[in-house]
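In case you want the letters, here they are:
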Amino acid sequence: MIQTKNIDIIQENRHVDITFKNIIYSVTLKDGSKKDLLKGVSGICKSGEVTAILGSSGAGKTTLLNILSKRIQSNKNQTLQGEVLANNNPYDINEFAQFATYVMQDDILLESMTVKECFEFAVNLKSKGTQEEKNVKINQMLKKLRLERCQNTFVGGLFIKGISGGERKRTSIGYELISNPSCIFLDEPTSGLDSFTAYSIISLLKSYAIENNNTVVFTIHQPSGDIWNMFDNVMMLVNGQFIYQGKGGMNVVNHFSSFGFSCPIHSNPADYLMSIMHGESEVNTNNYPKYFEQYDLQLKQKVSSEIENSQKGDYPHRIIHTSLIYQISQIALRQIRILKRNPILLRARLGQSIIIALFIGLIYLDIPKPTEHYTIRDINDKNGVLFFFTISMFMMTLNPCMLTFPSQKQVFLREENSKLYSVFPYFVGRLVVDMIPVIIFPFISSCIAYWMIGLNNDNPGKFFFFAFVVIIQSMVGLGIGYLGGSAFSDAKLAIAVTPLMIMPFMLFAGFYKNAKDYASWIGWIQYLSPFKYAFNALVHNEYTYDGPTYNPDPIRQLDLDLSKWEAVACLAGIFGIAIILSFMFLSLLKKKVQ
Ligand SMILES: Nc1ncnc2c1ncn2[C@@H]1O[C@H](COP(=O)(O)OP(=O)(O)OP(=O)(O)O)[C@@H](O)[C@H]1O
């Protein structure tokens, strides 16, 4: 056992043979019928080899890869039978992460991180050694993947211009390879890339397989001749069944020519085989029974004996326990970077806080105090501005949160799946950093508007309590943003629905209608409204003067019964509940994705 300051690692034999026996996977469709996606397939992916899973579109390649990486399990809509083993031992999704990693087809990376920072993040959380050793690893990976030139360029995305598609794919692969897993599974690592980049990626994977006897398995659509020659092991799927499995190169060609399907000279074997495999042509589908028959006759037995002779023993256990504090600090540091690198968003929020505060201040400029000549309209104005503050501060936090939380959620799911960290540190690391603007901006707005409006200045405590309530109300906006972002699996739905769901609670704040006047069948909703509690706290703070107060007493008129601290406690409670629920949804979502 090797101990480092932050990490515990147990490492044993690196070699892993993945075997699977008689995998039958079927799903129940919407109309209640059953569809068999894999029909009893068995096979082996050996260590030190590159295994390519080929097949026409919809043949079941990704499904097989997902089953091997334990992302598919039986549930009420799908049944999975058969065995998947690593060195003859069963494993689950958590054990999978101890010796293997999965690179999805979509490159899910944070757009405002540079290539090098992505590697640093992964290496810090999933690798042992001193910082110097880690730096060496990072530089080696950058060199291997030919990413040195763009190492300090942002990954980029919708809002930030970044690296090219090929560089992005290599970054995604490097992000997983840097922790040096024994097995790597990749879903279509070459899709959308030019032939040279595709070739360089497959040759990198080939050398990764050879170097340490690692196991490399990927799905691929239409490999070029050069790429085809690099496959050690080829699996070909048609309609959820194998038509070939065994050594690559000429062995595949020879197998098909043995029963009359000879590849024309000068043709790329992969192109030829795809042409006799795809299901669009009736000639092909008529030939499928022949392919299956020949597989059973010539290859099935060989595959079975290879499975029998596969490596036995334990698979490597790379148990990595970085401390919770370390994980939180890494996530928080990354969040700070993201925050700093979205200056437009930050400046927009700052501008918004100042402009809204000035605007409110000018509209409600110098409302007369109880000692001055005032009218009932002045009290109404004051109620209005206090209520408007509770809404604007809430929405100013909710909106940016709704914009960023769902997109980062995908990154979280990917990284959690790779066991870089768990839900709790992610949550805390993010929350701590997201709270910074939530505290600063409402405070700035309060500083400007409070004095312009001429709110209660009996003592400095009045202003600070006002700012405090406004900040907690913003925190509730953040909590609800987190809740919406984690409860809906679809980001667009979350952005569209969450603000709409919030609107009715504004009606129950006790401003538009007196708190005592709601019908009993619906009045209970007010107790769930953060606007009620924030408004209640602000009203109590404002209308409790040391000297004479307004007449009639606005607190009595509004029937807001809670004391200011009781209201603050309820507000903080809503924030706490929103955060806990959001944490639970994120944990559930994680399980669902697996
Ligand atoms: N949960 C599901 N419910 C219904 N059908 C499904 C489900 N998952 C996959 N399929 C269907 O199963 C078939 C195999 O899907 P899979 O994604 O494995 O194909 P593939 O070989 O990877 O195809 P492609 O190369 O186009 O990505 C497809 O027809 C797909 O539509």
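Residues numbered from 1 in each chain as written. Predicted model: local features only at pLDDT ≥ 70, side-chain atom pairs only at ≥ 80, totals over all residues. Heavy atoms only, no water.

1. Let's talk about the site of the ligand
Cut-off, in case you're wondering: Whether a residue is near a molecule or strand depends on its heavy atoms: it is near if one of them lies within 4 Å of it. For this analysis, a polar contact is any N or O atom pair within 3.5 Å, provided that within protein one partner can donate a hydrogen and the other can accept it, and provided that sequence-adjacent residues contribute only side-chain to side-chain pairs. Calculation of accessible area relied on Shrake-Rupley with a 1.4 Å probe; when residues are assessed, cover is drawn exclusively from the protein chains displayed. Secondary structure elements are taken from DSSP: a helix is a run of H or I of four residues or more, a strand is a run of E of two residues or more, and numbering for both begins at the N terminus. The residue classification treats Ala, Val, Leu, Ile, Met, Phe, Trp, Tyr, Cys and Pro as nonpolar and Asp, Glu, Lys and Arg as charged. All others, Gly included, are polar.
Near the ligand, the surroundings consist of 14 residues, among which Ser-57, Lys-61, Thr-62, Thr-63 and His-221 are the closest. In the model, an oxygen atom of the ligand is placed 2.7 Å from a nitrogen or oxygen of the Thr-62 side chain. Contact distances for the ligand include 2.8 Å between an oxygen atom and a side-chain N or O atom of His-221. Within the complex, 63% of the 640 Å² of free accessible area of the ligand lies under protein. When contributions to the shell around the ligand are tallied by element, the ones reaching two or more residues are β4 (34-45) and α1 (61-68). Looking at the shell around the ligand element by element, the count peaks at 3 residues for α1. Of the residues in the shell around the ligand, the class split is 4 nonpolar, 7 polar and 3 charged.

2. Focus on the pairing of strand β9 (residues 183-187)
Rule in force here: When accessible area is computed with a 1.4 Å probe and restricted to protein chains, residues below 20% of their type maximum are described as buried, those above 50% as exposed, and intermediate ones as partly exposed. A crossover counts as right-handed when, viewed with the strands pointing away from the observer, the path leading from the first strand over the helix to the second turns clockwise.
β9 sits mainly inside the fold: 5 of its 5 residues count as buried. Residues of β9 alternate between two faces, with Cys-183, Phe-185 and Asp-187 on one and Ile-184 and Leu-186 on the opposite face, all of them buried. Traced from β9 through helix α6 (residues 195-211) to strand β10 (residues 215-219), the parallel crossover comes out right-handed.

3. Side note on the packing of aromatic side chains
Inclusion rule: Aromatic pairing here means that ring centres of Phe, Tyr or Trp (its six-membered ring) are within 6.5 Å. Orientation follows from the plane angle: under 30 degrees is stacked, over 60 is edge-to-face, and everything else is tilted.
Scanning all chains against the criterion turns up 43 aromatic pairs. Aromatic pair Phe-96 and Phe-99: ring centres 6.0 Å apart, planes at 65°, arrangement edge-to-face. Taken together, the residues Phe-96 and Phe-99, both in helix α2 (residues 93-99) and 3 residues apart, mark about one turn of the helix. Centre to centre, the rings of Phe-387 and Phe-511 are 4.7 Å apart; their planes meet at 15°, and the pair counts as stacked. One end of the pair, Phe-387, is in helix α13 (residues 376-417); the other, Phe-511, is in the loop between α16 (491-507) and α17 (520-523), with 124 residues separating them in the sequence. With a relative accessible area of 2%, Phe-387 lands in the buried category. Look at Phe-511 and you get partly exposed, because its relative accessible area is 28%. Within the aromatic cluster, the residues linked to one another by ring pairs are Tyr-244, Phe-256, Phe-259, Phe-261, Tyr-288, Tyr-291 and Phe-292.

4. Regarding the nonpolar core
Generally speaking, a soluble globular protein has its nonpolar side chains buried in company with each other. Here is the rule we go by: Nine residue types can take part in a nonpolar core, namely buried Ala, Val, Leu, Ile, Met, Phe, Trp, Tyr and Cys, and a core is a set of them joined through side-chain atoms within 4.5 Å. Only heavy atoms enter the contact rule, under which two residues are in contact if any of them lie within 4.5 Å.
Counting residues in each nonpolar core, the largest one holds 174 residues, and the members touching the most others are Phe-119, Phe-231 and Phe-256. Other than its neighbours up to four places away in sequence, Phe-231 contacts Val-50, Ala-52, Leu-54, Ile-202, Phe-218, Ile-220, Pro-223, Gly-248 and Gly-249.

5. Quick word on the packing of helix α14 (residues 423-453) against helix α15 (residues 460-487)
Under the convention used in this document: Axes here mean lines fitted to C-alpha atoms, for a helix over just the part in contact, with angles spanning 0 to 180 degrees between N-to-C directions. To sort the angles, those under 35 degrees are grouped as roughly parallel, those over 145 as roughly antiparallel, those from 65 to 115 as roughly perpendicular, and the leftovers as oblique. Each helix crossing is assigned a hand: it is left-handed if the near helix lies turned anticlockwise from the far helix by less than a right angle, otherwise right-handed if that turn is clockwise.
Put simply, α14 and α15 touch, their axes get as near as 8 Å, and they point 140° apart. It follows that α14 is oblique to α15 by the angle criterion. Crossing geometry of α14 relative to α15 is assigned as right-handed. Partitioned by chemical class, the residues of the contact of α14 with α15 number 19 nonpolar, 2 polar and 3 charged.

6. Quick word on the side chain of Thr-390
Relative to the assigned elements, Thr-390 resides in helix α13. For Thr-390, a relative accessible area of 2% translates into the label buried. When sequence neighbours within four positions are dropped, the list of residues in contact with Thr-390 reads Gln-473, Phe-531, Ala-534, Phe-535 and Leu-538.

7. As for unusual backbone geometry
Cis geometry is adopted by the peptide bond preceding Pro-552, which originates at Asn-551 and carries an omega value of 0°. Structurally, the position occupied by Pro-552 is in the loop between α18 (530-543) and α19 (554-558). Backbone geometry at Asn-88 places phi at a positive 70°, although glycine is not the residue there. Position of Asn-88 among the secondary structure elements: in the loop between β6 (78-86) and β7 (89-90). For Asp-366, which is not glycine, the phi torsion reads 50° and is therefore positive. Structurally, the position occupied by Asp-366 is in the loop between α12 (343-363) and α13.

8. A short note on the pattern of salt bridges
Test applied: Whenever a carboxyl oxygen of Asp or Glu lies within 4 Å of a side-chain nitrogen of Lys or Arg, that contact is scored as a salt bridge.
Per the counting criterion, the structure on display carries 13 salt bridges. Salt-bridge contacts for Lys-21 lead to Glu-83; the nearest nitrogen and oxygen are separated by 3.9 Å. With Lys-21 in strand β3 (residues 18-28) and Glu-83 in strand β6, the pair connects residues that are 62 residues apart, well separated along the chain. Assessed through its relative accessible area of 26%, Lys-21 is described here as partly exposed. Taking relative accessible area as the criterion, Glu-83 reaches 40% and is therefore assigned partly exposed. The closest approach of N and O atoms between Glu-211 and Lys-144, which form a salt bridge, is 3.4 Å.

9. Looking at the packing of α13 against α15
Contact pair α13 / α15: the axes reach a minimum separation of 7 Å and the direction vectors enclose 35°. The interaxial crossing formed by α13 with α15 has right-handed handedness. Within the contact of α13 with α15, the residues separate by chemical class into 15 nonpolar, 9 polar and 1 charged.

10. Quick word on a nonpolar patch on the surface
Here is the rule: A residue counts toward a patch only above 30% relative accessible area and without a salt bridge, and it is joined to like-charged neighbours within 9 Å or, for Val, Leu, Ile, Met, Phe, Trp and Tyr, to nonpolar neighbours within 5 Å.
A contiguous nonpolar patch, built from Ile-577, Ile-580, Leu-581, Met-584, Phe-585 and Leu-588 and spanning about 560 Å² of accessible area, is present on the exposed surface. Within the fold, Leu-581 resides in helix α20 (residues 564-593).

11. Focus: the sheet that holds strand β12 (residues 241-247)
We apply this condition: When DSSP locates at least two bridges between a pair of strands, those strands are taken to pair.
Ordered by their spatial adjacency, 6 strands build an open sheet running β8-β9-β10-β5-β11-β12, and the pairing between neighbours is mixed. Either end of the sheet is taken by a strand with one partner, and the two such strands are β8 (100-103) and β12. Recorded for the sheet is a direction-independent mean angle of 15° between the axes of neighbouring strands. Pairing of strand β5 (residues 50-55) with strand β11 (residues 233-238), which is carried by 5 bridges, proceeds in the parallel orientation. Residue pairing for β11: Leu-54 is matched across the bridge by Met-236. Relative to the sheet, helix α5 (residues 165-177) contacts β8 and β9, its axis offset from that of β8 by approximately 165°.

12. Comments concerning the sheet that holds β6
In any sheet, the strands associate via hydrogen bonds between backbone groups, in a parallel or an antiparallel arrangement. What the 4 strands build is an open sheet, ordered β4-β3-β6-β7; its pairing is antiparallel. Each edge of the sheet is formed by a strand with only one pairing partner; in this case those strands are β4 and β7. Across 2 bridges, β6 lies against β7 in antiparallel orientation. Bridge pairing links Ala-86 to Asn-89 in β7.

13. Notes on the environment of Ser-127
As for its position among the elements, Ser-127 is in the loop between α3 (115-126) and α4 (131-144). The class for Ser-127 is buried, based on a relative accessible area of 1%.

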